[in-house]
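If you want the building blocks of each chain, they are given just below.
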Amino acid sequence: MFTPNTPKDQEEMLAKIGVSSVKDLLKQIPQELLYPALDLPKALTEQELSAHMQALAAKNRPLKNFIGAGIYEHFIPSAVGALSSRGEFLTAYTPYQAEASQGTLQTIYEFQSCICALMEMDVATASHYDGATALAEAVCACLRVNGRKEVLIPAALHPHYKEVLKTYLRYFEEVVLNEVPFDEKGTLALNSLKEKLSSGVSCFVLSQPNFLGALEEADTVSALVHEAGALLVALVNPLSLGVLKAPGAYQADFAVAEGQPLGNPMNFGGPGLGIMAAKKAYMRQLPGRIVGIAQDKNGERAFVLTLQAREQHIRREKAASNICSNEALCALNAVIYLTLLGPKGLKEVDELNLERSHRLAELISQVPGYQIKFSAPFFNEFVVNCPKPACEVVEKMAAKGIGAGYALGKDFPGMENCLLVCATEMRTEEDLKAYADALGGI
Amino acid sequence: MLKHNELSIEKSRSGRRGVRFEKAQKEASGYLPSNLLRTQEPRLPEMSEFDTVRHFTRLSQLNYSLDSQFYPLGSCTMKYNPKAYDSLSVLPAFAAAHPFAPAQAVQGSLEALYNLQELLKTVTGLSAFTLQPAAGAHGELTGILTIRAYHDARKDFARTEVIVPDTAHGTNPATANMAGYTVVNIKSAADGCVDKEALRAALSEKTAAVMLTVPNTVGLFEKDIREIADMVHKAGALFYMDGANFNALIGIAKPADFGVDVMHLNLHKTFAAPHGGGGPGSGPVGAAAHVAPYLPKPFVVKKDGLYSLEDDRAESAGRMKAFYGNAAICLRGYCYLRQFDGNTLRTVAENAVLNANYVRESLKGKFNAFFDAVCMHECVLSIVPSQMNGIHTSDIAKRLLDYGFYAPTIYFPLIVPEAMMIEPTETESKEMLDAFVAVMEKIYNEIQTEPQTVHDAPHTQCVCRIDEVSAARNPNLKW
């Protein structure tokens, strides 16, 4: 099926090698270990496989989706998938031979440029595994930059990002991770931030919006962090930057993001697209791939992987990170998406996100027993206070075909009745009304 | 004529649009205070949909790709990616699954992931698999952190070193360093395998793990693997196997039988997910029973016929990424494994080994294998500089591009001078290998008669011999 050599081919090849069977080529493997019994199910033909996968897919029950919490349902123009699924992109390798990889290299350069434009930062990498690992890598870079030992994060940081950060920092010498609580508005308790910003703090992670959907006073936070001599890592929703102030405009030192909202399907949460950008000063601290412009010997503009001295295949154990693969194809989706939208399209889609989510908040607050919990401004996601445990609400709404949101009780003790709800441009006025109606009926 | 390398931003014309959305009733300032708002439009291209389609189609055509060319890229396993999986892994019900949807609503996705975990256990013989890591190197880090959690749980805190032979993948030392370990590099023996004496000398009560790439990066199976495993275990350390090259072993041997404690697999290599220009990949990690409790959380579990993600694992190494794995890539790996059974899976490894040895033997005399032994799925060739008229491996690589072949991996592994690492993979035909060999012989002859042609290659690409040094010195990284 996927091995073209016929018995005749094999015979000729073995004769050329000078052995009589393939087994003769496997003599270095202890013979008692060769050809173990494998209890695998029957091999499927493509037709059977197709039926099997369709049957599995049919076991997923489609819900009208109002869940965000780090992965968002957005409209993806058809041209995105049509272009990125071309075999010349899909089946190319990492562009180590620049002459034979100008297509991939130029798309990465354009991706870096679009990300820098969105973020208002100087340099962006060619992508990372996902938002959580990009954040962890950025924090590790900060620790290398200033040698301080404390990392401050908001309590309202995505719980998975917190866990990943803990995993990555666990064996970083003597580094401690501390949290800054949020206040009754749903945003950072600024007094607490001020108190915790000692001279030992390496960096503060600003989540904009935070996990509760609330938008922080980024300028104020940035000023406080920099006054303490610490670095600011901004974790943003990149799609929101058509209307929201960019990390560079509030002097973030590093900016990271989950890029899935930019033209990538939800795919059960993976692959995501880790985005990382930084001020120029930290260029050589960035992990992973970066593409630059160079001249070829005829003076032509050419694209090439650059600054490779940071990378594991050159520096081995002294590398900035062990990253080897990135999420090139997801980055390709993102750059095609941004090229199709342009600045005007991005602003339009952002304003729709604002409109639909604020309309949903208004409708929900009219349902008896339900209130919008926080007063801080939000982009497309907000917390609802329910009259009963939110996980119960989620379950009952699912029975009505609605993905109601993310129940916060598991991650935020005391918030058992709180539900994080999201509405993007995908939800129509009818969807929003149906949500509020269903909520009223449970 | 339009230039081939014009940037989208150079094609941009103010006012052009590629996609339009419904108009919102209010502007952003109607919802948000002005101090949160952007004041300057981001400098993104403004192009029509047609412009965009032409732009990226043109760029795609500047790429070599597996669908169009032979990629003898050693250690990268550029094998055919079956087309069925491209559509089956992103069926709408899979693509639209939200990771936080109630488990009852995503049973199909969870069942496929669970089944994949089970199949990976079968082909490796290991007790447990996590699909969480997003790539091979991410799998390595996951595996080493799992090992660290294992030692920590036993209060064995004195183990601060990880031993890495020089035939390991380049990511291995960087991984061990990221996990807070001191890397102890050991040299391999003259036959390209682990030097057992060097290993014995390096092993101590400080050793946490030995990371072994099997088959190693010179394309050889570690013939003393059982003895090595015993030495590692006797020292109280764990045996980590880098399974990136598993297409050489799948169906013909199980790592658990070698004494492997923890290993990662690359779904984009052995299990045929496309490389995508550098990703996304997927790097599942397997562990033997005694290490399994320390794998990262969550896990896909099956209880009373219902699949779910369980993160109640007190001894776990932690979480490695948000949500659970690169599900869309895992589904491709699952499709691949469902197309084989216990009898047919071995044909993968057998043909990978056959093809590599065929290339090695066919090039003998002109380009010799550095280690003159039967190889596994890849062979490492070298050149004799005195016979090469000043031509280097990098020149040969560029000349191959002129003949329509991608270049082998060059100057790696580091222990082989002027290395060319060639991995034909099991999916290439004898005719393709013969064509490649013929071109390599032709280049050899050119080196003898017209070395300048080889030296100045490539001659047929849109750009030629890029000044990488000045690119790094004066970086231009965005428009």
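Preceding this section is the structure that the text describes.
All values derive from a computational prediction rather than experimental measurement.

Caption draft 1: View of the interface of chain B and chain A. Contacts between chain B and chain A engage 201 residues on the former and 181 residues on the latter. Taking both sides of the interface into account, the surface hidden between chain B and chain A amounts to around 16,800 Å²; carbon and sulfur atoms contribute 62%. Three residues stand out in chain B for area buried against chain A, namely F21(B), R38(B) and L477(B), and they jointly supply 5% of the buried area on that side. Taken together, the links from chain B to chain A amount to 12 salt bridges. Taking the shortest distance from any N to any O, the salt bridge between E10(B) and R301(A) comes out at 2.9 Å. Along the lines of polarity and charge, the residues of the side of chain B that touches chain A split into 105 nonpolar, 51 polar and 45 charged.

Caption draft 2: Local environment of the packing of aromatic side chains. Tallied over the entire structure, the rule returns 27 aromatic pairs over all chains. The interplanar angle of 70° and the centroid separation of 6.1 Å between the aromatic rings of F182(A) and F412(A) together place this pair among those described as edge-to-face. Placement of F182(A) in the loop between β4 (176-180) and α8 (190-196) and of F412(A) in the loop between β14 (406-407) and β15 (418-422) is noted, with a sequence separation of 230 residues between them. You can call F182(A) partly exposed: its relative accessible area is 25%. The exposure class of F412(A) is buried, given its relative accessible area of 7%. Ring centres of F211(A) and Y406(A) lie 5.6 Å apart, and the angle between their planes is 85°; this geometry places the pair in the edge-to-face category. You can see F211(A) sitting in the loop between β5 (201-208) and α9 (218-227) and its partner Y406(A) sitting in strand β14, a full 195 residues away along the chain. F211(A) sits in the buried class, given a relative accessible area of 6%. Looking at Y406(A), the relative accessible area reads 8%, which means it is buried. Members of the aromatic cluster, connected to one another through ring pairs, are F182(A), F211(A), F374(A), Y406(A), F412(A), F100(B) and F323(B).

Caption draft 3: Structural detail: the sheet that holds strand β11 (residues 379-382) of chain B. On the basis of which strands lie adjacent, the open sheet formed by 4 strands has the order β10-β11-β13-β12 (chain B) and antiparallel pairing. Strand pairing shows two members of the sheet lacking a second neighbour, β10 (368-369) and β12 (409-410) of chain B, which therefore form its edges.

Caption draft 4: Structural context of the state of the cysteines. In the structure shown here, the tally under the stated rule is 0 disulfides over all chains. Free of any disulfide, C76(B) has its nearest cysteine sulfur in C324(A), 7.9 Å distant. A disulfide-free cysteine, C464(B) has its sulfur positioned 10 Å from the sulfur of C462(B), the nearest such atom.

Caption draft 5: Looking closely at the pattern of salt bridges. Under the definition given, this model contains 49 salt bridges over all chains. Measuring nitrogen to oxygen at the nearest pair gives 2.7 Å for the salt bridge that ties K398(B) to E99(A). A residue pair is termed interchain when its members come from two chains, as with K398(B) in helix α13 (residues 393-402) and E99(A) in the loop between α4 (87-90) and α5 (102-119). Taken individually, K398(B) and E99(A) each receive the classification buried, so the pair is uniform in this respect. With its nearest N and O atoms 2.4 Å apart, the salt bridge here joins R332(B) to D86(B). Taken as a pair, R332(B) in helix α11 (residues 327-338) and D86(B) in helix α3 (residues 83-88) lie far apart in primary sequence, 246 residues in all. Members of the salt-bridge network, linked through shared partners, are D191(B), K196(B), K223(B), D224(B) and E227(B).

Caption draft 6: Up close: the nonpolar core. M53(A), L135(A), L408(A), L249(B), F258(B) and F367(B) are the most contacted members of the largest nonpolar core, which totals 205 residues. The element that contributes the greatest number of residues to this core is helix α6 (residues 131-146) of chain A, accounting for 10 residues. Setting aside chain neighbours within four positions, we find L408(A) in contact with F211(A), L212(A), V383(A), M415(A), C418(A), L419(A) and L420(A). Core analysis: the second largest hydrophobic core is formed by 90 residues, L215(A), L224(A), L338(A) and L341(A) among them.

What counts as what
Residues numbered from 1 in each chain as written. Chains lettered and ligands numbered in written order. Predicted model: local features only at pLDDT ≥ 70, side-chain atom pairs only at ≥ 80, totals over all residues. Heavy atoms only, no water. Contact = heavy atoms within 4.5 Å. Buried area = accessible area lost by both parts, 1.4 Å probe. Salt bridge = Lys/Arg side-chain N within 4 Å of Asp/Glu carboxyl O. Nonpolar A, V, L, I, M, F, W, Y, C, P; charged D, E, K, R; others polar. Phe/Tyr/Trp six-rings, centres within 6.5 Å; stacked < 30°, edge-to-face > 60°. Helix = DSSP H or I, 4+ residues; strand = E, 2+ residues; numbered from the N terminus. Buried < 20%, exposed > 50% of the residue type's maximum accessible area, 1.4 Å probe, protein only. Pairing = 2+ DSSP bridges. Disulfide = S-S within 2.5 Å. Core = buried A, V, L, I, M, F, W, Y, C linked by side-chain atoms within 4.5 Å.

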